Amino acid sequence: MKRQKTLETSANNDNLFDLLSEEIVFTILDFIDTNPLDRKSFSLVCKSFYITESKHRKNLTPLRQEHLPRILNRYPHVNHLDLSLCPRINDNSLNVISNTCKDSLNSIDLSKSRFFSYNGLMSLALNCKNLVSIDLSNATELRDSAAAAVAEAKNLERLWLGRCKLITDMGIGCIAVGCKKLRLISLKWCISVSDLGVGLIAVKCKEIRSLDLSYLPITNKCLPSILKLQHLEDIVLEGCFGIDDDSLAALKHGCQSMKALDISSCQHISHVGLSSLISGAGSLQQLTLAYACPVTLALANSLNRLSMLQSVKLDGCAVTSAGLTAIGNWCISLSELSLSKCLGVTDEGLSSLVTKNKDLKKLDITCCRKITGVSIAYITNSCTNLTSLRMESCTLVPSEAFVLIGQRCQFLEELDLTDNEIDDEGLKSISRCSNLSSLKLGICLNISDEGLSHVGMKCTKLTELDLYRSAGISDMGIIAISRGCPGLEMINMSYCVDITDRSLLSLSKCSRLNTFESRGCPHITSLGLAAIAVGCRQLIKLDIKKCHNIGDAAMLPLAHFSQNLRQITVSYSSVTDLGLLALASISCLQSMTVLHLKGLTPSGLAAAVLACGGLTKVKLHLYFKSLLPQPLFEHLEARGCVFEWRDKEFQVCP
């Protein structure tokens, strides 16, 4: 009888989804969670879908504070609230959040918001008892009273205070006493915090795992208490100029639990101080020494006890062949090595290092201008499991060496060949890397459509393609990419001067495209961009600077179809007041660069920026500053908008 009743019920029920449990529907929603338009479409199907989608949504990223009451009422089960896109968040907004999300809110990101104070933070800390994560980075106006308010969040585990320059040791002391469950704290650029504040954190917050002290005026005084933290795994001391070899030499023991250490830009620490700092840190896995002391044989030898070291970043350091050879000898378990912009990298040192590290997965040799095809031969022969290779501006590497990359390193997912001598034969070989998702070929003057067509046919997982100033590329190559790589999300073809609307019409089939940069392409028109607007509705960033044949006819489709657009550059185009005003209807639009537009008037500009309520940054020519009323700037700045002025000679390009 029960089975018969169920069948009868289902026969009379038009909506079969009603027969599914809420958990099953949530699982279905997880698969469409990447595209907000898909979620919106789901919620509009029927009332039950509307309710289910509101229960499922756990993360919110609002664009404006005035929408918060309605949004939070719509989504009462939010765990994470990202307000980084809301430039203006005042105390009233935080009161609304704290009263609406009392039990559900776990984390909140205020890293790019302003205008809130002690009162709003106190309401948040007292009411949201389950709050474990707060990001207050860039809140440059917050003082110790705000830190005292944060200290009331007793369950807080993660706190970011980067660039909170007015918070002192007193405020940090309040946090140390009140937030004893802290596992992560970032004090980067908190220049009013000294040894006293850091020491209080170390003494009171015994659960600390991650500690960022970048650019703090600290000395050796706080280091002993820091290194006694039993659970400390990650410490960043970048730019701590008050720490030197002498102070580190006084340390009696290192930190045994430490897994990651960053002493970038610490000019007063040599291999002597490093040895003291990593003493006893046998579990260290990541070491970052960017723009620090020279990588000599003595420094490399100080790493001989770090058998678990997996990642070494030496960006910007002066290196010696002996130092690189020794690193290869001692650190045989490396999976990541970064030598970007290092002076002194030669074939001898690099070849020796990679020969001993055959499990290397990520290698960055950007701007290592002394290496030749010899290094590439050793890299490709030894490191066949590479997934990421960055080698921008390795200008002595000959074209035939790039063939080896495709022949031997077929697991590559990321490849940066910007400003190199690669040709079509090299691209044909690299097309064997079927897992490639990111390919950068900017300023590669020897490639053409023929080589790019091979990439389009075989690298079907490609999501990011950079062709900046690769002048040999035209429509045929772009069409091959758009046909073979339907998941493309980003393309930069700026200054590829032979590109026409044919390329844009083809790219309009790539529905996931979110970043489109085509500055300096004189042959593309409003027709092509309109096709992009219609087909690529996830577009977030658009740059059409110096596209003189694009005008208002393209802005109208953008305004209608590209409702996710956040950043646009229309400088030197043919857009006028009408087109700019049309863009103002895009509620997501936050950044606009408007320079040298012949058809733009002060009144049209004023109307557009007033109507565009979500703007956070507008870049204009200084010419307009005296033509627009001062109350306009005051009103927009009160909304959280920042104006950037350019004082270049005013000119209109033909």
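The shown structure was predicted, so the numbers you read here are calculated from the model rather than taken from an experiment.

(A) Seen up close, the overall build of the protein. Each helix and strand counted, the protein has 27 helices and 24 strands in total. At 28 Å, the protein has a C-alpha radius of gyration in line with the 26 Å of a compact globule built from 654 residues. Expressed as lengths along the three principal axes of its C-alpha atoms, the size of the protein is roughly 80 × 70 × 65 Å. For the protein, with 654 residues in total, the buried portion stands at 54%. For the protein, the share of sequence-separated contacts (at least 6 apart) that also reach a separation of at least 24 residues comes to 73%. Summing over all exposed atoms, the protein offers an accessible surface of approximately 27,800 Å²; the carbon and sulfur share of this is 52%. Charge-centre separation for the protein: the mean point of 67 positive side chains lies 5 Å from the mean point of 63 negative side chains.

(B) Representation of the UniProt feature "domain: F-box/LRR-repeat protein 15-like leucin rich repeat" (unreviewed entry) in the protein in the model. In the numbering adopted here, UniProt assigns the feature "domain: F-box/LRR-repeat protein 15-like leucin rich repeat" (unreviewed entry) to residues 127–271, 345–480 and 484–554. Span residues 345–480 is 38% helix and 11% strand, its end C-alpha atoms 37 Å apart.

(C) Fine view of the nonpolar core. Core analysis: the largest hydrophobic core is formed by 194 residues, its most contacted members being Phe516 and Met555. Excluding its chain neighbours within four sequence positions, the residues that come into contact with Phe516 are Ile491, Met493, Leu504, Leu507, Leu529, Ile532, Leu539, Lys541, Leu542 and Asp543. Formed by five residues, the second largest nonpolar core is a distinct cluster that contains Val25, Phe26, Leu29 and Phe42.

(D) Representation of the packing of aromatic side chains within the structure. Taken as a whole and assessed by the stated rule, the structure comprises seven aromatic pairs. Ring geometry for Tyr215 against Phe241: centres 6.5 Å apart, planes inclined by 65 degrees, an arrangement best described as edge-to-face. Residue Tyr215 is found in the loop between β7 (210–212) and α11 (223–227), and its partner Phe241 is found in the loop between β8 (234–236) and α12 (245–249); the two are separated by 26 residues along the sequence. Classification of Phe241 by relative accessible area gives partly exposed; the value is 45%. Seen from their ring centres, Tyr623 and Phe624 are 5.2 Å apart, and the 75 degrees between their planes marks the pair as edge-to-face. Directly above the aromatic system of Phe115 lies the positively charged group of Arg88, at a separation of 4.3 Å from the ring centroid. Above the face of the Tyr572 ring, Lys546 is positioned so that its terminal group lies 5.7 Å from the ring centre.

(E) Molecular detail of a nonpolar patch on the surface. On the surface, a cluster of nonpolar side chains totalling about 220 Å² of accessible area is made up of Leu20, Ile24 and Ile28. With respect to the helices, strands and loops of the structure, Ile24 is situated in helix α2 (residues 22–31). Judged by relative accessible area, which is 41%, Ile24 ranks as partly exposed.

(F) Layout of the packing of helix α26 (residues 602–611) against helix α27 (residues 630–638). Two elements in contact, α26 and α27, have axes separated by 11 Å at closest approach and are oriented at 20 degrees. It follows that α26 is roughly parallel to α27 by the angle criterion. The handedness of the crossing between α26 and α27 comes out as left-handed. For the pair α26 and α27, contact is made by Ala606, Val609 and Leu610 and by Leu632, His635 and Leu636, respectively.

(G) Expanded view of unusual backbone geometry. The phi torsion at Trp189 lies on the positive side, around 65 degrees, for a residue other than glycine. Residue position: Trp189 is located in the loop between β6 (184–186) and α10 (195–204). The backbone of Arg469 shows a phi angle near 55 degrees, a positive value even though the residue is not glycine. The topology assignment puts Arg469 in the loop between β17 (464–466) and α21 (475–484).

(H) Geometry of the side chain of Ser321. Tracing the backbone through its elements, the reader meets Ser321 in helix α15 (residues 321–330). Relative accessible area serves as the criterion here: at 17%, Ser321 is assigned to the buried category. Those residues in contact with Ser321 that sit more than four places away from it in its chain are Thr346, Glu348 and Gly349.

(I) Summary view of the environment of Pro62. If you trace the backbone, Pro62 turns up in the loop between β1 (59–60) and α5 (68–74). In this structure Pro62 comes out as buried when scored by relative accessible area, which is 4%. Each C-alpha atom, one on Pro62 and one on Lys370, is 49 Å from the other, the two residues being 308 residues apart in sequence. Excluding anything up to four places from it in sequence, Pro62 contacts Leu68, Ile71, Leu81, Asp82, Leu83, Leu85 and Cys86.

(J) Region of the structure containing the pattern of salt bridges. This model, assessed by the stated rule, comprises eight salt bridges. Residues Glu336 and Lys313 are paired through a salt bridge, measuring 3.9 Å at the closest nitrogen-oxygen approach. Here the residue Glu336 occupies a position in strand β12 (residues 336–338), and Lys313 occupies one in strand β11 (residues 311–313), the gap between them amounting to 23 residues. Its salt-bridge partner being Glu644, residue Arg646 comes within 3.4 Å of it at the nearest N-O pair. The class of Arg646 is partly exposed, set by a relative accessible area of 30%.

(K) A look at helix α16 (residues 347–356). Extensive coverage of α16 is indicated by the burial of seven of its ten residues. Of the residues making up α16, those classed as buried are Asp347, Gly349, Leu350, Ser351, Ser352, Leu353 and Val354. Next to the buried residues of α16 lie α15, β12 and α17 (373–382).

(L) View of the layout of surface pockets. Approximately 270 Å³ is the volume found for the second largest pocket. If you go around the second largest pocket, you meet 14 residues; those closest to its centre are Ser84, Pro87, Lys112, Ser113 and Thr616. For the lining of the second largest pocket, the per-class residue count stands at four nonpolar, seven polar and three charged.

The rules behind these values
Residues numbered from 1 in each chain as written. Predicted model: local features only at pLDDT ≥ 70, side-chain atom pairs only at ≥ 80, totals over all residues. Heavy atoms only, no water. Helix = DSSP H or I, 4+ residues; strand = E, 2+ residues; numbered from the N terminus. Rg over C-alpha atoms; globule rule 2.2 N^0.38 Å. Buried < 20%, exposed > 50% of the residue type's maximum accessible area, 1.4 Å probe, protein only. Contact = heavy atoms within 4.5 Å. Areas by Shrake-Rupley, 256 points an atom, 1.4 Å probe, with all protein chains shown as cover. Lys, Arg positive; Asp, Glu negative; His and termini not counted. Charge placed at Lys NZ, Arg CZ, Asp CG, Glu CD. UniProt positions renumbered as here; feature names shortened; annotations may be inferred. Core = buried A, V, L, I, M, F, W, Y, C linked by side-chain atoms within 4.5 Å. Phe/Tyr/Trp six-rings, centres within 6.5 Å; stacked < 30°, edge-to-face > 60°. Lys NZ or Arg CZ within 6 Å of the ring centre and 35° of its normal. Patch = residues over 30% accessible without salt bridge, like charges linked within 9 Å, V, L, I, M, F, W, Y side chains within 5 Å. Salt bridge = Lys/Arg side-chain N within 4 Å of Asp/Glu carboxyl O. Axes fitted to C-alpha atoms, helices over the stretch in contact; angles between N-to-C directions. Parallel < 35°, antiparallel > 145°, perpendicular 65-115°, else oblique. Left-handed = near helix turned anticlockwise from the far one by under 90°. 1 Å grid on protein atoms, 1.4 Å probe; cavity = no way out; pocket = protein on both sides within 12 Å on 5 of 7 lines; lining within 4 Å. Points joined across faces, edges and corners; volume = space filled by probe spheres on them. Nonpolar A, V, L, I, M, F, W, Y, C, P; charged D, E, K, R; others polar.

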